[in-house]
Amino acid sequence: MSFEVSNTILIERAQQSKISEVDFDNLPFGKIRTDHMLICEYSDGKWNQPRVVPYQDISLDPSAKIFHYGQSIFEGMKAYKDEQERIWLFRPLENQKRLNISAKRLAMPELPEAYFMEGLSALLKLDKDWIPTTADSSLYVRPFMFASGTGFHASPSDAYTFVIACSPSGAYFGGKIKVLIEEKYARAANGGVGFAKAGGNYAGQFYPTNLAIEKGYQQVIWTDDIKHEFIEEAGAMNIFVRIGDKLLTAPTSDRILDGVTRKSIIDVAKDMGIDVE
Ligand SMILES: Cc1ncc(COP(=O)(O)O)c(C=O)c1O
């Protein structure tokens, strides 16, 4: 696939910032949005110029294929700011690569690396004041892509929209977490889309997770779909178990998201001489 990549991001600034309405000492997770978002549209076989615009609603035709066939993928990462006001992200290129791995599996167009990285950088520079510095907080960054093309034919869309939106956020979980090791439902199966960060993977988890919540748990730990004998991962994180001096984690497969944190922990552990299996 070839792309015409321009390194210019068009920027339209918000007339007025909403930042004074935010209580940065009590940030929920993912509920508050910053002043701007990045948007980039794909049509006629190519990505158009990315734009940073004031955060706003998106209008879609009711036959847009996202509503019917679920072509929707996303990423998640966190931005931090140090005392010198420098912005830090944790290995964002890994998220960019994974977005395109997800895109390929869902028959969606891959996004050029420059659009992702330059768009992200332009957006974060503009919304820098929104990056919280209080303990446990960060600016949650949510890149996502969905099918905006229309029609009731069950086939891939011919138009897509890529957006990056940001949310100043507190911790995802608070305190100790009680988890249920799932023995009936499965998150993913061989040959499926478990390794992709596809919206539908999360929709399918909500019902079993609700059942677990009713029983007093906060999260489900997914097990293999055939016998429910092997631990795979949690709803939104990979899992490591320490046995003696060894770290164990499920191998990546069709069924498991290849987490950036997971692969970084493996690298760091190996560097430190810790056995990982
Ligand atoms: C299903 C699932 N597994 C693992 C992870 C961890 O991925 P990462 O370390 O790249 O954030 C996530 C992240 O949200 C996830 O949704």
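Residues numbered from 1 in each chain as written. Predicted model: local features only at pLDDT ≥ 70, side-chain atom pairs only at ≥ 80, totals over all residues. Heavy atoms only, no water.

The chain carries the name Branched-chain-amino-acid aminotransferase in an unreviewed UniProt entry, which gives Cyprideis torosa as its organism. A UniProt comment under Sequence similarities (unreviewed entry) is attached to the chain, and it reads "Belongs to the class-IV pyridoxal-phosphate-dependent aminotransferase family." Among the UniProt annotations of the chain, the heading Cofactor (unreviewed entry) holds the following wording: "pyridoxal 5'-phosphate". (UniProt positions renumbered as here; feature names shortened; annotations may be inferred.)

A. Looking closely at the side chain of R262. Of note, R262 is situated in helix α5 (residues 260-271). Although R262 lies buried, it forms no salt bridge, and the closest oppositely charged side chain, D258, sits 4.3 Å away as judged by the N-O distance. Not counting chain neighbours up to four residues away, the residues in contact with R262 comprise N238, F240, T249, A250, P251 and T252. (Helix = DSSP H or I, 4+ residues; strand = E, 2+ residues; numbered from the N terminus. Buried < 20%, exposed > 50% of the residue type's maximum accessible area, 1.4 Å probe, protein only. Lys, Arg positive; Asp, Glu negative; His and termini not counted. Salt bridge = Lys/Arg side-chain N within 4 Å of Asp/Glu carboxyl O. Contact = heavy atoms within 4.5 Å.)

B. Structural view of the nonpolar core. Ranked by internal contacts, the top residues of the largest apolar core, which has 42 residues, are W47, I73, L111, V141, M145 and F162. Contributions of two or more residues to this core are made by β2 (36-43), β4 (51-54), β6 (77-81), α2 (92-105), α3 (113-126), β8 (138-147) and β9 (160-169). The element contributing the most residues to this core is α3, with 6 residues. Excluding its chain neighbours within four sequence positions, the residues that come into contact with F162 are L38, I39, C40, W47, L99, L111, F116, P143, F144 and M145. (Core = buried A, V, L, I, M, F, W, Y, C linked by side-chain atoms within 4.5 Å.)

C. Quick look at the environment of L93. Structurally, the position occupied by L93 is in helix α2. Looking at L93, the relative accessible area reads 35%, which means it is partly exposed. When the C-alpha atoms of L93 and E277 are compared, they prove to be 25 Å apart, with 184 residues separating the residues in sequence. With sequence-adjacent residues up to four places away left out, L93 is seen in contact with E113 and M117.

D. Molecular detail of the site of the ligand. As a matter of local geometry, the ligand sits amid 14 residues, with R98, Y202, E233, V260 and T261 nearest to it. Within the side chain of K197, an N or O atom sits 2.9 Å from an oxygen atom of the ligand. For the ligand, an oxygen atom lies 2.7 Å from a polar atom in the backbone of V260. Considered on its own, the ligand offers 390 Å² of accessible surface; in the complex 87% of this is hidden by protein. (Near = heavy atom within 4 Å. Polar contact = N/O pair within 3.5 Å; in protein donor to acceptor, adjacent residues only side chain to side chain. Areas by Shrake-Rupley, 256 points an atom, 1.4 Å probe, with all protein chains shown as cover.)

E. Quick peek at the domain arrangement of the chain. If you check the domain split of the chain, you get domain 1 (10-169) and domain 2 (179-276). A straight line from the C-alpha centre of domain 1 to that of domain 2 covers 25 Å. Every contact between the two is made by 14 residues of domain 1 and, on the other side, 16 residues of domain 2. Run the count over domain 1 and domain 2 and you get 1 salt bridge. Connecting domain 1 to domain 2 are 8 residue pairs in polar contact (both at pLDDT 80 or more). For the side of domain 1 that touches domain 2, the secondary-structure elements that each account for two or more residues are β5 (72-74) and α2. The element best represented in the side of domain 1 that touches domain 2 is α2, accounting for 6 residues. (Domains from an automatic or database assignment.)

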